[in-house]
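Understanding the architecture of this molecule
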Amino acid sequence: MKIRCGLMPDVVVKEVERLSPQWFKSVGVRAVAFDVDGTLMNYHEHKVEPEITRYLESLRTAGLKLFIVSNAYFGRAKELEQLFGCFGATVLTPGGVYTGERFESKNLGSKPKPSMLREAAQLAKLKSGEKIAMVGDQMFKDVLSANKLDVAVSVLVARRGKGDFIGIKLLQRPLETLIRTFLPNVPSRWYDFPEEPTFI
Ligand SMILES: [Mg+2]
């Protein structure tokens, strides 16, 4: 069994669109959980770019189960359902789960706790050997939460867009960049990320 370091992603890639339905299936992934801010869109963007729309549609058409796993609260949480529910995605936030218009209140806790992703894996009804991928731009949240679950594959992407929550921008990003320089095979700057998904 592979020993996993909490911050080490299983896979790195420059942008989500490079994670094709065929690639997911080839590595046993049947469900995909996406972080939103910095992963599918710029921080707190209010509309989905056409290329992301096409991409999510391609995953859905290929039969992959889609989840949004975000630390969003309040109005932003509801907005994520409106933005991504149309792709058949179930939206998990620390306060509960949106399945279509239906909201089920739950105290799931925010990433890096694995509770939202664990809930997504249960909802996906994975069979033995099947995996759920957690795709995100932050090691301290997305990768760390995924690495706590045996059924998860952690995928680190370069940050999408330039926006950030101020605390993340000033403290966490510089620290992540610094730590990445010490982790073997983990790209430090966005231009170092590989064009194709790469296991490390
Ligand atoms: Mg993010």
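Higher on the page you've got the structure.
Here the structure is a predicted model, which means the values were calculated and not measured. (Residues numbered from 1 in each chain as written. Predicted model: local features only at pLDDT ≥ 70, side-chain atom pairs only at ≥ 80, totals over all residues.)

Moving on, we get to the pairing of strand 2 (residues 29-34). Here strand 2 lies mainly inside the structure; 5 of its 6 residues are buried. The pairing of strand 2 with strand 7 (residues 131-136) spans 5 bridges and is classified as parallel. Counted as the bridge partner of Val 29 is Lys 131 from strand 7. Where strand 2 and strand 3 (residues 65-69) come together, 4 bridges link them in parallel fashion. Paired with Val 32 across the two strands is Leu 66, which belongs to strand 3. (Buried ≥ 20, exposed ≤ 12 C-beta atoms within 10 Å, placed from the backbone. Helix = DSSP H or I, 4+ residues; strand = E, 2+ residues; numbered from the N terminus. Pairing = 2+ DSSP bridges.)

Of all the 8 residues making up helix 5 (residues 139-146), 7 are buried; the element is thus mostly covered by neighbouring parts of the structure. Within the sequence span of helix 5, burial applies to Met 139, Lys 141, Asp 142, Val 143, Leu 144, Ser 145 and Ala 146. Check the buried side of helix 5 and you find it contacts helix 4 (115-123), strand 7, strand 8 (152-157) and helix 6 (166-180). (Contact = placed C-beta atoms within 7 Å.)

This part takes up the environment of Leu 19. Tracing the sequence through the fold places Leu 19 in the loop between strand 1 (11-13) and helix 1 (21-26). What makes Leu 19 buried here is the crowd of 23 C-beta atoms within 10 Å. When sequence neighbours within four positions are dropped, the list of residues in contact with Leu 19 reads Val 13, Phe 24, Val 135, Val 155 and Pro 197.

As a further point, take unusual backbone geometry. In this structure, the amide linkage connecting Lys 111 to the following residue, Pro 112, adopts the cis form with an omega of 20 degrees. The residue Pro 112 is located in the loop between strand 6 (102-105) and helix 4 in this model. Positive phi is not limited to glycine here, since Asn 185 has a value of about 70 degrees. Tracing the backbone shows Asn 185 in the loop between helix 6 and strand 9 (198-199).

Of the two faces of strand 4 (residues 90-93), the one carrying Thr 90 and Leu 92 and the one carrying Val 91 and Thr 93 are both buried. Across 3 bridges, strand 3 lies against strand 4 in parallel orientation. Bridged to Phe 67 within strand 4 is Thr 90. Handedness of the crossover joining strand 3 and strand 4 through helix 3 (residues 74-84) is recorded here as right-handed. Here 3 bridges tie strand 4 to strand 5 (residues 96-99), and the two strands are oriented antiparallel to one another. In the strand pairing of strand 5, Val 91 is matched with Tyr 98. The turn joining strand 4 and strand 5, which pair antiparallel and follow one another in sequence, is formed by 2 residues. (Right-handed = clockwise from strand over helix to strand, strands pointing away.)

Tracing the sequence through the fold places Pro 114 in the loop between strand 6 and helix 4. Take Pro 114: there are 21 C-beta atoms within 10 Å of it, and that puts it in the buried class. Remark: the alpha-carbon pair of Pro 114 and Gln 22, spanning 92 residues in sequence, is separated by 26 Å. Filtering out sequence-adjacent residues up to four positions away, Pro 114 remains in contact with Ser 145, Lys 148 and Leu 149.

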